[in-house]
Amino acid sequence: KRPVGNALNAIPPNAAYIIESRYTHETWKKISETNLMWEALTGVRFIKALNETMLLLDSLYSSHPELQQLFNQRSLFISAHPSVDGNNNSFNFLISFSLTPAVNDEQIIGLINPILHNLNMTTTSKVYDDAIVYTTVNTPMRSGFSFTVYRDLFIASSNLLLVEDAVRHVNSGTTAPNPYALQKVLASAGEKTDANIYINYSMLPALASVYVRPLAENYNAVLKNFGQWTELDINVKPNALMFNGFTYATDSVN
């Protein structure tokens, strides 16, 4: 038997934060249909791209019972990464989750492709580092995403280069930065929440620089020394997002 792939191992180490959802369909409906804050945030370009990708995945989920079995009771991870195309004022999102070894890659692609066709999506493919990477485009809207099913992992992003980066990371066999610190906060995560978020302080200044005024950038260096990882349980309300969790820091001078 092949071991189930760990979706965390597909996340490149430059993730500023990672969101985990164990009840993805239910949580997504709460955020996208009832939360006023999310409606406002979709005015940000790269959050709009994430919203479009999640809407497409949700439509795939809703349209086919066999795909629902792939999502159910499996954690879906969304990680935020600095733009890999040289744009310093943007972040890209990577979506990854583990698949059961009982379902092979060809079966999953066979389920997804007819649904994409019905959604007026055209699909092209390429081989990258032993993985077949598919790129879909909605011809009238010129929007889409790239994805691969590789080593029992589903990996997707609106940015093709980030999917390729994730494939390289899977093949490298390396894990997330500060794996001990990340494991400490992973162990503290609540399991009956809408989602969990893991914040990587080594990359947080890069994320903050996208949002804050230049006057505040002098404070960004402080963020690196605040801790290593934070875990927050997220509960979604119609007009609020509630966070509660733990921060791990080493016993160093910082």
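Everything below is about the structure shown above.
Computed from a predicted model, the values in this text were never measured in an experiment.

1. As for the overall build of the chain
The helix and strand inventory of the chain stands at nine helices and ten strands. Looking at the chain as a whole, 46% of its 254 residues qualify as buried. Residue pairs at least 24 apart in sequence account for 63% of intrachain contacts in the chain once pairs closer than 6 positions are excluded. For the chain, the accessible surface area stands at approximately 13200 Å², while carbon and sulfur atoms represent 54% of it.

2. So, the pairing of strand β3 (residues 91–98)
Counting buried positions over the eight residues of β3 gives eight, a clear majority of the element. Because side chains alternate across β3, one face comprises the buried residues F91, F93, I95 and F97, and the other comprises N92, L94, S96 and S98, equally buried. Sheet topology note: the strand β2 (residues 76–82)/β3 ladder contains seven bridges and is antiparallel. Along β3, the bridge assignment pairs A80 with F93. Here β3 runs beside strand β7 (residues 153–157); their pairing, made up of five bridges, is antiparallel. Among the inter-strand pairings, I95 is bridged to a residue of β7, identified as A156.

3. As for unusual backbone geometry
A positive phi angle is found at D129, which is not glycine, with a value near 50 degrees. Mapped onto the elements, D129 comes out in the loop between β4 (121–128) and β5 (131–138). Unlike most non-glycine residues, D152 shows phi in positive territory, near 60 degrees. With respect to the helices and strands, D152 occurs in the loop between β6 (143–150) and β7.

4. Focus: the pattern of salt bridges
Under the defined criterion, the tally for this structure stands at five salt bridges. D194 is the salt-bridge partner of K30, the closest N and O atoms lying 3.0 Å from each other. One end of the pair, K30, is in helix α1 (residues 24–34); the other, D194, is in the loop between α7 (179–186) and β8 (195–200), with 164 residues separating them in the sequence. Owing to a relative accessible area of 31%, K30 belongs among the partly exposed residues under this scheme.

5. Things to note about helix α8 (residues 204–211)
Among the residues of α8, those classed as buried are L204, P205, L207 and A208. Each buried residue of α8 lies within a common arc of 160 degrees when the element is viewed along its axis, so the set occupies one face.

6. Quick look at helix α6 (residues 160–172)
Relative to the 18 Å expected for 13 residues at 1.5 Å per residue, α6 spans 19 Å between its end C-alpha atoms, a close match to the ideal helical length. Capping of α6 at its N-terminal end is provided by N159; its side-chain oxygen lies 2.9 Å from the backbone amide nitrogen of L161.

7. A short note on the side chain of T27
Note that T27 resides in helix α1. Here D194 takes part through its backbone oxygen, which lies 2.8 Å from a polar atom of the side chain of T27. Excluding anything up to four places from it in sequence, T27 contacts S21 and D194.

What counts as what
Residues numbered from 1 in each chain as written. Predicted model: local features only at pLDDT ≥ 70, side-chain atom pairs only at ≥ 80, totals over all residues. Heavy atoms only, no water. Helix = DSSP H or I, 4+ residues; strand = E, 2+ residues; numbered from the N terminus. Buried < 20%, exposed > 50% of the residue type's maximum accessible area, 1.4 Å probe, protein only. Contact = heavy atoms within 4.5 Å. Areas by Shrake-Rupley, 256 points an atom, 1.4 Å probe, with all protein chains shown as cover. Pairing = 2+ DSSP bridges. Salt bridge = Lys/Arg side-chain N within 4 Å of Asp/Glu carboxyl O. Arc of directions from axis to C-beta. Expected span 1.5 Å × (residues − 1). Polar contact = N/O pair within 3.5 Å; in protein donor to acceptor, adjacent residues only side chain to side chain.

These figures come from the coordinates and say nothing about function on their own.
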